[in-house]
Amino acid sequence: SSLHIQELNENNLIKLDNFLINEVNSTLSDKKEILEKVELKGLEINAHLDENKELNFVKASDFSKLIKALEKYQTTSATTSTELPKKNLPLEVAKPWQFSVDNIDLENMNLAFFDESIATPAKQTISDIKFSAININNNPNHIFDSTLQATVNEHSQFLLKSQT
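What counts as what
Residues numbered from 1 in each chain as written. Predicted model: local features only at pLDDT ≥ 70, side-chain atom pairs only at ≥ 80, totals over all residues. Heavy atoms only, no water. Helix = DSSP H or I, 4+ residues; strand = E, 2+ residues; numbered from the N terminus. Contact = heavy atoms within 4.5 Å. Pairing = 2+ DSSP bridges. Core = buried A, V, L, I, M, F, W, Y, C linked by side-chain atoms within 4.5 Å. Buried < 20%, exposed > 50% of the residue type's maximum accessible area, 1.4 Å probe, protein only. Phe/Tyr/Trp six-rings, centres within 6.5 Å; stacked < 30°, edge-to-face > 60°. Salt bridge = Lys/Arg side-chain N within 4 Å of Asp/Glu carboxyl O.

A. Spotlight on the overall build of the protein chain. When helices and strands are tallied, the protein chain shows 2 helices and 7 strands. Put simply, the protein chain runs from its N terminus to its C terminus through helices and strands in the order β-β-β-α-α-β-β-β-β. Expressed as a percentage of contacts within the protein chain between residues at least 6 apart in sequence, the contacts between residues at least 24 apart total 47%.

B. Quick peek at the pairing of strand 1 (residues 3-6). Two strands pair when backbone bridges link them, and strand 1 and strand 2 (residues 12-27) are joined in this way by 4 bridges, in the antiparallel orientation. Residue pairing across strands places Leu3 opposite Leu16, the latter belonging to strand 2. Hairpin geometry of strand 1 and strand 2 is characterised by an intervening segment of 5 residues between the two adjacent antiparallel strands and by a positive phi of about 70° at Glu10.

C. Here's a closer look at the nonpolar core. In terms of nonpolar packing, the biggest core is built from 14 residues, with Leu40, Ile104 and Met109 touching the most fellow members. At the level of secondary structure, the elements contributing two or more residues to this core comprise strand 3 (32-49), strand 4 (98-115) and strand 5 (122-137). Residues in contact with Ile104, not counting those within four places in the same chain, are Val38, Phe131, Ser132, Ala133 and Ile136.

D. Structural context of the packing of aromatic side chains. Following the criterion strictly, the structure yields 1 aromatic pair and no others. Each ring, one from Trp97 and one from Phe99, has its centre 6.2 Å from the other, and the planes form 25°; the classification is stacked.

E. Structural context of the pattern of salt bridges. Per the counting criterion, the structure on display carries 4 salt bridges. With its nearest N and O atoms 3.8 Å apart, the salt bridge here joins Lys15 to Asp17. Linking Lys37 and Glu39 is a salt bridge whose minimum nitrogen-to-oxygen distance equals 3.3 Å. Residue classification places Lys37 among the partly exposed residues on the basis of a relative accessible area of 23%. One connected set of salt bridges, linked through shared partners, spans Lys37, Glu39, Lys41 and Glu107.

F. Representation of the environment of Val24. Tracing the backbone through its elements, the reader meets Val24 in strand 2. The exposure class of Val24 is partly exposed, given its relative accessible area of 44%. Each C-alpha atom, one on Val24 and one on Val101, is 9.4 Å from the other, the two residues being 77 residues apart in sequence. Setting aside residues no more than four positions away along its own chain, Val24 makes contact with Glu33, Ile34 and Leu35.

Here it is in structure tokens:
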């Protein structure tokens, strides 16, 4: 399954070949959420600023109809409310949710920006982007390994390995 969003001239704005979240385990009583794997492959984003400084993403998306449709569902708070007397009860500290992702694998991603609004039009690209991370969670002082690599403007290689 893939996703393609195109401009009227049929140029790709966004293309996504594959997105997968594998095995989600939730435990409401323990407030735990565990994702085994998040995978994204073949993401392509093409931004274009034309000579009138109009971004193709803005021209391709008209959210005004959506906003008008949502406005009718807005609720207003009641102006007359009865306040209940406050009791001095001890506050319970809620147990925080624990989130973890065992493996993140993002690859074959390409970003392009073409700017025609300047005197000499220019194109910037970040291609062959690959990001991977393992054992990510929101526990304090947790450290996880990650790697990011990419090609910038078809000539420069970028590689970052970290423990965060």
